[in-house]
Each structure stands twice: as structure tokens, then as C-alpha cells.
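# Observations on the three-dimensional arrangement
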Amino acid sequence: QVQLVESGGGLVQPGGSLRLSCAASGSIARLNAMGWYRQAPGKQREWVATITSGGSTNYADSVKDRFTISRDNAKNTVFLQMNSLKPEDTAVYYCNADVVRVGVLYGYPYWGQGTRVTVSS
């Protein structure tokens, strides 16, 4: 099986920073694109950022120039550096990865359990 485990969430004041991590483990042959999503209270889950296996990145307009996604392929880990945080960034943040399992030809999306980020004074 495959597990994605997020960490790094917490309470931070507006203007502050947090760094989220997501480590993938299990029967993994290859990790394709990895990304972050978030779900604010009472709202649908929304895409935040994606990074390909080659390191290309894309961001939602709402976080562009404030958030940076990166990955460590050797450790099967993806990060989200969040700067200049705003109250509207408050949400549960979920890690997503397209995982090719050992012995399987195609990728399949896996999700972490989420980590809560609260931006408040």
C-alpha cells in the first residue's frame, strides 16, 4: 500500500510563514506529479499548487508569489513553503500524488489525511 503523511500545519499570525511537508511511503515505483490542495470551512476543496517529477511548478492565482512548492525525489517528499499568510489561507491542506506502484503500469492518485493551517491574530 501507499501512504501520504502531511505535517507542519498549525496556528500562525497574518503575515507569518509555515512550511508543510508530505512524505510518501509504501510500495512506490515512481512518483509523478505531486501537489497540494486545501479545503476551507464550508467550501469545496481547491487546488493550490503542483510540481511535476521534473520540477515544473504551477500555482493557483490566490497563492502565486507567496507559496513555493518543491520536492525531494530521493525522500519521496513534497513541500509547501507558505509566506505572507492571510486569514483566507485558513484551511485543511491535503497532499496529493500520482503514484505508480511496484508491479503496476499506470499511476493512481493518492491523498494524505490533511494538516490544518489557521491564520489568525
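Use the structure listed above.
Figured I'd write up the structure that's included with this text. As the structure is a prediction and not an experimental result, all values here were calculated from the model.

### Looking at the pattern of salt bridges
- Scanning the model with the defined rule gives 4 salt bridges in all.
- One salt bridge connects Asp89 with Arg66, and the closest N-O pair in it is separated by 2.7 Å. Here Asp89, found in the loop between β8 (77-82) and β9 (91-101), pairs with Arg66, found in the loop between β6 (57-59) and β7 (67-72); they are 23 residues apart in sequence, far enough to count as distant.
- For Asp89, a relative accessible area of 1% gives the class buried.
- The class of Arg66 is buried, set by a relative accessible area of 10%.
- It is possible to trace a salt-bridge network through shared partners that takes in Arg38, Glu46, Arg66 and Asp89.

### Focus on the pairing of strand β3 (residues 18-26)
- Relative to β3, strand β1 (residues 2-7) runs antiparallel, the two sharing 6 bridges. Each residue of the ladder has a partner; that of Ser7, found in β3, is Ser21.
- Here β3 runs beside β8; their pairing, made up of 6 bridges, is antiparallel. Paired with Cys22 across the strands is Val78, a residue of β8.

### Looking at the sheet that holds β1
- Here 4 strands make up an open sheet; going across it, the order is β1-β3-β8-β7 and the pairing antiparallel. Only two strands of the sheet have a single partner each, and these edge strands are β1 and β7. For this sheet the average axis-to-axis angle between neighbouring strands, irrespective of direction, equals 15°.

### Remarks on the nonpolar core
- Counting 32 residues, the largest nonpolar core has Trp36, Leu80, Met82 and Tyr93 as the members making the most contacts within it.
- Put simply, the parts of the chain that give this core at least two residues each are β1, β3, β4 (28-39), β5 (46-51), β7, β8, β9 and β11 (115-119).
- In terms of residue count, the dominant contributor to this core is β9 (5 residues).
- Other than its neighbours up to four places away in sequence, Tyr93 contacts Glu6, Leu20, Trp36, Tyr37, Arg38, Val48, Phe67, Leu80, Met82, Gly114, Thr115 and Val117.

### With respect to the environment of Met82
- Positionally, Met82 belongs in strand β8.
- Residues Met82 and Pro109 lie 27 residues apart in sequence; the distance between their C-alpha atoms is 24 Å.
- Excluding residues within four positions of it along the chain, Met82 makes contact with Gly16, Ser17, Leu18, Leu20, Arg66, Phe67, Tyr93 and Val117.

### Details of the state of the cysteines
- In this structure the tally under the stated criterion is 1 disulfide.
- Disulfide pairing is shown between Cys22 and Cys95; the S-S distance is 2.1 Å. Across the S-S bond linking Cys22 and Cys95, the dihedral sits near -80°, which makes this disulfide left-handed. In this pair, Cys22 is assigned in strand β3 and Cys95 in strand β9, connecting sequence segments 73 residues apart. Just as Cys22 is buried, Cys95 falls in that class too.

What counts as what
Every chain is numbered on its own, with residues counted from 1 as its sequence reads. Local features are withheld for residues below a pLDDT of 70 in this predicted model, meaning they are given only at 70 or higher, and side-chain atom pairs are given and counted only at 80 or more; totals for whole chains, interfaces and linings count all residues. Side-chain numbers here rest on the full set of heavy atoms in the structure, without hydrogens or water. For this analysis, a salt bridge means a side-chain nitrogen from Lys or Arg found within 4 Å of a carboxyl oxygen belonging to Asp or Glu. Starting at the N terminus, helices and strands are each numbered in turn, a helix being any DSSP run of H or I of at least four residues and a strand any DSSP run of E of at least two. Think of it in three bands: residues with accessible area under 20% of the maximum for their type are buried, residues over 50% are exposed, and the middle band is partly exposed, with areas taken using a 1.4 Å probe on protein chains only. Note: two strands are recorded as paired if DSSP finds a minimum of 2 bridges between them. Whenever a helix is involved, its axis is fitted only over the stretch in contact; in every case the axis is a line through C-alpha atoms, and angles between N-to-C directions fall within 0 to 180 degrees. Nonpolar core, defined: a set of buried Ala, Val, Leu, Ile, Met, Phe, Trp, Tyr and Cys residues in which side-chain atoms within 4.5 Å join the residues together. It only takes one pair of heavy atoms within 4.5 Å for two residues to be counted as in contact. In plain terms, two cysteine sulfur atoms within 2.5 Å form what is called a disulfide here.

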